[in-house]
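Here's the letter readout for the chains.
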Amino acid sequence: PEPEPFRAVAGPGCDSEGARYQIHGEGVWRSGPAGYDGAGCDDGYDVMAVSGDPDGGDTSAEWTFWPGGAGSTCTVKILVQNGPDPLWANGVPTHYELFDGENAGGSFRGGFEVTQPDDGRYWALTELQDVGDSFTLRARNRGPIAEGGEAPQLPLSVVETECR
């Protein structure tokens, strides 16, 4: 018989077996509602101001998953929040990176950007193949700040994963 797929949810205010959400650094606060209160989550999301550096920043969020089955293919779904300025100000995207292992110190698998929803919320999807025992998704506070402007803010929300 085919093994049961691994399913887990990580994010602000979520408590799910096989998953973890962590903030590293300063300048992250809770907001909401997230539009997601299932799977042990409390319907909130976090907000992180960008650093002013388009290439980096000292604050990040990490979503880690332990599917446990080497060689799995995993679908990763990020709930992308919308909101008024300064959320998404100046069109600054959220930069995500994927790593093998339990933190962003593992082997780099790739990166992508997520942009502001046109209306409401949406799910951004990506797929990972040949996943090991664990993997980590990271969002850093990289992004420019317009001269004389307020720092754009980026939403950090729920991430669902299913591996088979």
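Anyway, here's the lowdown on the structure attached to this text.

## Things to note about empty space enclosed by the protein
- Per the counting criterion, the structure on display carries one cavity of 30 Å³ or more.
- Estimated volume of the largest cavity: approximately 40 Å³.
- In terms of lining, the largest cavity is formed by Ile 78, Leu 79, Val 80, Gln 81, Trp 88, Thr 94, Tyr 96, Val 114 and Pro 155.
- Elements with a contribution of two residues or more to the lining of the largest cavity: strand S6 (72-80) and strand S7 (94-100).
- The greatest single-element share of the lining of the largest cavity, amounting to three residues, is contributed by S6.

## Points about the state of the cysteines
- Per the stated rule, a full pass over the model turns up two disulfides.
- Disulfide pairing places Cys 74 opposite Cys 163 at an S-S distance of 2.0 Å. Between Cys 74 and Cys 163, the S-S dihedral sits near 110°, and the bridge is therefore right-handed. Separated by 89 residues along the polypeptide, Cys 74 in strand S6 and Cys 163 in strand S12 (residues 159-163) bring together distant segments of the chain.
- A residue is classified by how much of its surface remains accessible, and Cys 74, at 0% relative accessible area, is buried.
- Given the relative accessible area of 3%, Cys 163 is considered buried.
- Disulfides within the protein chain link the bonded cysteines, taken in sequence order, as 1-2, 3-4.

## So, the nonpolar core
- Among the nonpolar cores identified, the biggest contains 34 residues, and Trp 63, Phe 65, Phe 135 and Leu 137 are the most heavily contacted of them.
- Ranked by size, the runner-up nonpolar core spans five residues in total, among them Val 9, Tyr 36, Cys 41 and Leu 79.

## So, the pattern of salt bridges
- Inspection of the entire model under this criterion finds eight salt bridges.
- Here Arg 30 ties to Asp 42 by a salt bridge, and the two come within 3.4 Å at their closest N and O atoms. Residue Arg 30 is located in strand S3 (residues 28-31), and its partner Asp 42 is located in the loop between S3 and strand S4 (45-49); the two are separated by 12 residues in the primary sequence.
- Among the residues examined, Asp 42 registers a relative accessible area of 46% and is labelled partly exposed.

## A closer look at unusual backbone geometry
- Following Gly 32, the chain continues into Pro 33 via a peptide bond in cis, with omega recorded as 0°.
- For Pro 33, the location among the structural elements is in the loop between S3 and S4.
- A cis geometry characterises the amide bond from Asp 85 onward to Pro 86, with omega recorded as 10°.
- As for its position among the elements, Pro 86 is in the loop between S6 and S7.
- For Ala 39, which is not glycine, the phi torsion reads 55° and is therefore positive.
- Here Ala 39 is to be found in the loop between S3 and S4.
- The residue Trp 88 is not glycine, and still its phi comes out positive at about 65°.
- Take Trp 88: it is sitting in the loop between S6 and S7.

## Brief notes about the packing of aromatic side chains
- Following the criterion strictly, the structure yields six aromatic pairs and no others.
- A network of ring pairs unites the aromatic residues Tyr 21, Trp 63, Tyr 96 and Phe 112 as a single cluster.
- Sitting over the ring of Trp 123, Lys 77 keeps its end group 4.7 Å from the ring centre.

## Points about the sheet that holds S3
- With antiparallel pairing, three strands are arranged side by side in an open sheet as S3-S4-S11. Each having just a single partner strand, S3 and strand S11 (153-156) make up the two edges of the open sheet. Averaged over all pairs of adjacent strands, the angle between strand axes in this sheet comes to 35°, irrespective of strand direction.
- For S3 and S4, the ladder comprises four bridges, and the chain directions are antiparallel. Bridge pairing links Val 28 to Met 48 in S4.

Conventions adopted
Residues numbered from 1 in each chain as written. Predicted model: local features only at pLDDT ≥ 70, side-chain atom pairs only at ≥ 80, totals over all residues. Heavy atoms only, no water. 1 Å grid on protein atoms, 1.4 Å probe; cavity = no way out; pocket = protein on both sides within 12 Å on 5 of 7 lines; lining within 4 Å. Points joined across faces, edges and corners; volume = space filled by probe spheres on them. Helix = DSSP H or I, 4+ residues; strand = E, 2+ residues; numbered from the N terminus. Disulfide = S-S within 2.5 Å. Buried < 20%, exposed > 50% of the residue type's maximum accessible area, 1.4 Å probe, protein only. Core = buried A, V, L, I, M, F, W, Y, C linked by side-chain atoms within 4.5 Å. Salt bridge = Lys/Arg side-chain N within 4 Å of Asp/Glu carboxyl O. Phe/Tyr/Trp six-rings, centres within 6.5 Å; stacked < 30°, edge-to-face > 60°. Lys NZ or Arg CZ within 6 Å of the ring centre and 35° of its normal. Pairing = 2+ DSSP bridges. Axes fitted to C-alpha atoms, helices over the stretch in contact; angles between N-to-C directions.

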